[in-house]
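Summary of structural features
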Amino acid sequence: MVWVATRRCNLRCRYCVLPREQGSQPDLTTAEVKRIFAEIAQDFDASRIMVGITGGEATLRPDLVEIVAFLVSLGFRTVAVDSNGVRYGRHPDLIDRLVHAGMRCPTISVDGTGAGQRMLRGDRSDGQLPWKAIEHVQRRYPKLGLTTICAASPANLAEVPGVFRRFEELGIAFARVSPIFPLGRAASDPSVVLAPPKLRELLSWLAEQRTAFAAGKRDLEIEFIDDGWCGLEWEGGLLRSNFLYCRAGVTVVGLEHDGRIVGCPVIQSGFNVQGDARTERVSTVWKRRFERFRERSWLRTGPCATCGDWEGCLGGSLHNRGDCGELLRCTARMLRGQSSTPTTAPPP
C-alpha cells in the first residue's frame, strides 16, 4: 500500500509527479489515518502488506513518527518512508526516532553531487543535506535496507555514474535510477526529459552495471524504475530483475493525501480514483472495484492492437494511459524510433 502522507514539500523539483499545486484538499488527520489503517489491518492479513509512505515530503507531517509506530503495532510487514533527505540532513535525530518506531527499508532520493541536484530540485544545499542523511543511515543502520534513487535528466546525466559510485562506496546494496517522464511538472517542461538517444545511452550504461553485478564485479545492484515497458530487447534482466508488469490495482493500492483510494498515486488519468477512504472501507473498494486494472484487454487499441510485445507488457504502465485508456506514451516505441500515437479506447 502506498500512502501519500501529504502533497506539501520543502523542495520544488522540476519533474515532480505529485506536485503540491495539484493537491489542494486538506491532508487526512492523524485520527483518520489511524482509523483507515486499523480497518485495513482488521480486513486483511497485515503481515503480508508493505506500507510505503511518500509525498510530497512525508517528513513534513509532525505526526509521522507516531503514525509509523502505530502501523508497526498493527503488524504490517514493513513500514517504509520515502524522503528527499533534506529534513533528515538537518535533523538526523528524526531518522533515529523513525527507526526506533519501527521504520524499515526507507528510501532517500538524490539527483547529483552539486549542480544537477540544485538545477533539478532547487536544493540550495547542492545535495549536501540528503547525502548527509544517506551517510547517517549507512553509518548507524547498515542493515536497515536503505534504498536510494537518482532521477536522470539532460541536466544531470553526466553526474549519474558518479552518484551510483558514491552509493556503492557507502555500502548501499540496492539503488534505482529513474528517467524523468512527462507527468506532473515535467509535462510542461520537456527540457528535463531525456530524448530517445540519451535514454538508450542511459539504458546501455545500466545494462553494463547490472551485468557487472551479476558477474560479481560490483556490490551495488541498480534497477530501472517503472517508466513503462521497454521492449523485449531490453526486458527480462538487463534493466530490472524481471519483466515489467504494472501492478497498480492488482497487488498495489494507493491512498492519496486527502483519502482518495487509487490504483497508484502516479497515475493521473480519470480511471485511477476508485473510492474515498473517508467514507468507505478500503477493503470494500479493493474487492468490488478496480476491474479496469485487473482485466487489461480494453487497453489493446491503437499501436497496442498489433504490437508483438502485448503478451509481455499487457498494456504497460498505466501512468502512460489517458482517461479512457488511450496510449499516451510508449517507452518501447520511443526506443525503436517510433511514435506513440494516441488512440481512442472504450470509456471506463
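Now for a quick tour of the structure. Here the residue numbering is sequential within each chain, running from 1 through the sequence in written order. This being a predicted model, a pLDDT of at least 70 is required before a residue's local features are given, and a value of 80 or more before pairs of side-chain atoms are given or counted; all residues contribute to the totals for chains, interfaces and linings. Excluded from the side-chain calculation are hydrogens and water; included are all heavy atoms of the structure.

Here we look at the pattern of salt bridges
Salt bridges are defined by distance alone: a side-chain nitrogen of Lys or Arg within 4 Å of a carboxyl oxygen of Asp or Glu. Applying the stated rule across the entire model yields 27 salt bridges. Between R185 and E21 there is a salt bridge; the shortest N-O distance is 2.9 Å. Here R185, found in the loop between β6 (174-179) and α8 (196-214), pairs with E21, found in the loop between β1 (2-6) and α1 (30-43); they are 164 residues apart in sequence, far enough to count as distant. Through salt bridges that share partners, R7, E256, D258 and R260 make up one connected network. We count a stretch as a helix when DSSP gives it H or I for four or more residues in a row; a strand needs E for two or more, and each element gets its number in order from the N terminus.

Quick look at the side chain of T147
For T147, the location among the structural elements is in strand β5 (residues 147-152). T147 has contacts with P106, T107, I108, F174 and R176, leaving out every residue within four places of it along the chain. Contact criterion: two residues are considered in contact whenever any of their non-hydrogen atoms come within 4.5 Å of each other.

What to know about the nonpolar core
Each nonpolar core is a collection of buried residues, namely Ala, Val, Leu, Ile, Met, Phe, Trp, Tyr and Cys, held together in the definition by side-chain atoms within 4.5 Å. Type-normalised accessible area, obtained with a 1.4 Å probe on protein chains alone, sets the label of each residue: buried when under 20%, exposed when over 50%, and partly exposed for intermediate values. In terms of nonpolar packing, the biggest core is built from 85 residues, with F37, I53, F76, F164 and F167 touching the most fellow members. Excluding residues within four positions of it along the chain, F76 makes contact with F37, I40, A41, A46, I49, V51 and L71. Counting 12 residues, the second-largest nonpolar core is a separate cluster that includes L11, C16, V86 and V192.

Here we look at the packing of aromatic side chains
Only Phe, Tyr and Trp rings are paired, with Trp represented by its six-membered ring, and only when their centres lie within 6.5 Å; those with planes under 30 degrees apart are stacked, over 60 edge-to-face, the remainder tilted. With the rule as written, the count across this model stands at 10 aromatic pairs. Residues F271 and W298 carry aromatic rings whose centres are separated by 5.8 Å and whose planes lie at 90 degrees to one another, so their mutual orientation is edge-to-face. In this pair, F271 sits in the loop between β9 (260-262) and β10 (273-276) while W298 sits in the loop between α10 (291-294) and α11 (310-313), placing the two residues 27 residues apart along the sequence. Under the relative-accessibility criterion, F271 is labelled buried at 5%. A ring pair is formed by F290 and F293, whose centres lie 5.4 Å apart and whose planes are at 55 degrees; its orientation type is tilted. By relative accessible area, which is 0% here, F293 ends up buried. Within the aromatic cluster, the residues linked to one another by ring pairs are F271, W286, F290, F293 and W298. Here the basic side chain of K287 rests over the ring of F44, its NZ or CZ set 5.7 Å away from the ring centre. In this scheme, Lys NZ or Arg CZ marks a charge over a ring once it lies within 6 Å of the ring centre and within 35 degrees of the ring normal. Sitting over the face of the ring of W298, R292 holds its NZ or CZ atom 4.3 Å from the ring centroid.

Quick look at the sheet that holds strand β7 (residues 221-224)
Here we have 10 strands laid out as an open sheet, ordered β7-β6-β5-β4-β3-β2-β1-β8-β9-β10, and mixed in their pairing. Edge positions in the sheet fall to β7 and β10, since each has one partner strand and no second. Sheet topology places β5 next to β6; 6 bridges connect them, and they run parallel. Across the sheet, residue T148 finds its bridge partner in β6, namely A175. In this fold α8 packs onto β5, β6 and β7, with an angle of close to 145 degrees to the strand it touches most, β7. Only when DSSP finds a minimum of two bridges between them are two strands counted as paired. Axis lines are fitted through C-alpha atoms, for helices just across the contact stretch, and the angle between N-to-C directions can take any value from 0 to 180 degrees.

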